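Commentary on secondary and tertiary structure
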Amino acid sequence: PYEVFEIPDYEAKYYCILRIAMESDISTIATLNPSTILLLCQKIEKVKDEAIEDIRRGTLTNRVNISGEIRKKIESRLKPNPKRADELLEIARKRGGELLPIDMWPSLELIECWKGGSVGVYISHLVKYFGDKVAVRDFGYLSSEARASIPVCDTGCCGALAITSNFYEFVPRCEMERQDRRFLLAHQLNAGEEYYVILTTPGGLYRYNIDDIIRVTGFYNNTPIIEFVQKGSIVSSVTGEKVYEMQINEAVNKAAELIGADLQFYSAFVEWGSIPRYAFLVEFMNDLSRENKVALLKHIESELVKLNVEYDVKRRSQRLGSPVLKVVPQGAFEAYRSKRV
């Protein structure tokens with residue numbers, strides 16, 4: 001019910017979502033950020049006993065912080081369901097006490113979420129909870145301003161440009177800061193190249209620079225197939241190195257893959273000093289030895305050097321110091337995100 005989304009306490013909100021979902025026959029899960037799906041999956045283990053008892057009795061535990069009016073609206077939809085409670089207990093028993101979505105929702109056929117940009121790190125972790133048979137379809141290039149692409153397959157995060165919804169102009173990425181930059185139309189784009197998007201929409205935006213960079217990966221008939229790369233303004237440059245978000249994403253993800261590290265979340269920032277350096281805040285899903293943490297940092301550095309020649313030059317010329325890895329405890333990023341929200 002919509003009222004669940006009006007609950008200000010995030011722990012209470014997550015509990016209500018899971019308590020209701022665990023009783024239901026779910027066929028699709030849709031949310032923009034896959035980290036939300038992973039977060040809910042991780043919380044199943046913590047709440048399953050209480051949620052199963054609530055399902056059995058048709059109740060909503062008083063432990064969660066929910067206002068009386070919202071609680072009343074949610075509880076009006078609940079009924080005792082001992083059959084489902086017993087089913088969930090049996091499902092967990094067969095897994096040695098663990099309750100996984102793949103067992104709990106056998107009718108699940110589709111997960112819809114973003115798959116590219118900075119959220120790609122989460123996609124590989126969905127297999128643990130949903131197996132490899134459930135289709136994962138990208139939401140497409142979508143914002144509050146416009147829907148700009150329509151995915152036509154489950155692989156990757158590309159979609160055909162939504163040419164019937166908006167009018168688009170494109171500025172080649174390398175020309176955006178130039179006075180003589182070109183404004184190209186959809187039929188003038190080239191596969192493999194990146195562009196800034198300038199939007200004109202039926203909602204009233206006229207030649208609006210949304211500050212998004214997209215990449216053309218091919219064509220569907222004559223229509224460009226595009227994927228979101230990053231926000232144009234997300235670049236860090238303290239000595240001229242121009243490190244972009246997508247380079248950080250690629251370097252961290254590749255490094256994690258090389259040593260088998262499961263990352264819950266990561267963030268990079270400049271740490272100022274007599275010689276500035278990049279710091280990487282990382283929250284791990286699994287325990288890593290000190291040796292592997294050191295190896296992760298070395299691989300990040302190595303990948304950044306490959307991806308960004310200016311970063312390589314600034315490191316070798318000692319204008320940038322050695323990067324540092326800072327490990328935060330599990331749950332730290334979710335606590336930070338909740339605080340910011």
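Look above for the structure.
Report follows, based on the coordinates.

Comments concerning the sheet that holds strand E3 (residues 135-138)
With parallel pairing, the three strands of this open sheet are ordered in space as E1-E2-E3. The sheet is open, and its two borders are formed by strand E1 (28-30) and E3, each paired with just one other strand. Direction aside, neighbouring strands of the sheet carry axes that sit 15° apart on average. Pairing between strand E2 (residues 110-113) and E3: four bridges, direction parallel. Across the sheet, the residue bridging to Glu112 is Arg137, located in E3.

Some thoughts on the nonpolar core
Membership of the largest hydrophobic core comes to 46 residues, with the highest contact counts inside it found for Met22 and Phe130. Within the residue set of this core, elements represented by two or more residues are helix H1 (10-23), helix H2 (34-57), helix H3 (68-75), helix H4 (82-94), E2, helix H6 (120-123) and helix H7 (126-130). Sort the elements by how many residues they give to this core and H2 lands first, with ten residues. Not counting residues within four places of it along the chain, the set of residues in contact with Met22 comprises Lys48, Ala51, Ile52, Ile55, Arg84, Leu88, Leu99, Met104 and Trp105. Counting 23 residues, the second-largest nonpolar core is a separate cluster that includes Ala255, Ala256, Tyr266 and Leu297.

Things to note about the packing of aromatic side chains
A full pass over the atoms with the stated rule returns seven aromatic pairs. On the basis of an interplanar angle of 40° and a centroid distance of 4.6 Å, the ring pair of Phe265 and Phe333 is categorised as tilted. Taken together, the positions of Phe265 in strand E12 (residues 263-271) and Phe333 in helix H11 (residues 332-340) put the pair 68 residues apart, joining distant regions of the chain. In this structure Phe333 comes out as buried when scored by relative accessible area, which is 14%. Feature note: the residues Tyr168, Phe170 and Tyr195 constitute an aromatic cluster, connected by ring pairs. The side chain of Arg63 reaches across the aromatic face of Tyr15, ending 5.6 Å from its centre. Between the NZ or CZ atom of Arg207 and the centre of the ring of Phe183, over which it lies, the distance is 4.9 Å.

Thoughts on the pairing of strand E13 (residues 277-284)
Burial of E13 is extensive: six of the eight residues sit out of reach of the surface. Connecting the antiparallel pair E12 and E13 is a turn made up of five residues. When E13 meets strand E14 (residues 324-327), the two strands line up parallel, connected through four bridges. If you follow Val282 over to E14, its bridge partner there is Val327.

Parameters and conventions
Residues numbered from 1 in each chain as written. Predicted model: local features only at pLDDT ≥ 70, side-chain atom pairs only at ≥ 80, totals over all residues. Heavy atoms only, no water. Pairing = 2+ DSSP bridges. Helix = DSSP H or I, 4+ residues; strand = E, 2+ residues; numbered from the N terminus. Axes fitted to C-alpha atoms, helices over the stretch in contact; angles between N-to-C directions. Core = buried A, V, L, I, M, F, W, Y, C linked by side-chain atoms within 4.5 Å. Buried < 20%, exposed > 50% of the residue type's maximum accessible area, 1.4 Å probe, protein only. Contact = heavy atoms within 4.5 Å. Phe/Tyr/Trp six-rings, centres within 6.5 Å; stacked < 30°, edge-to-face > 60°. Lys NZ or Arg CZ within 6 Å of the ring centre and 35° of its normal.

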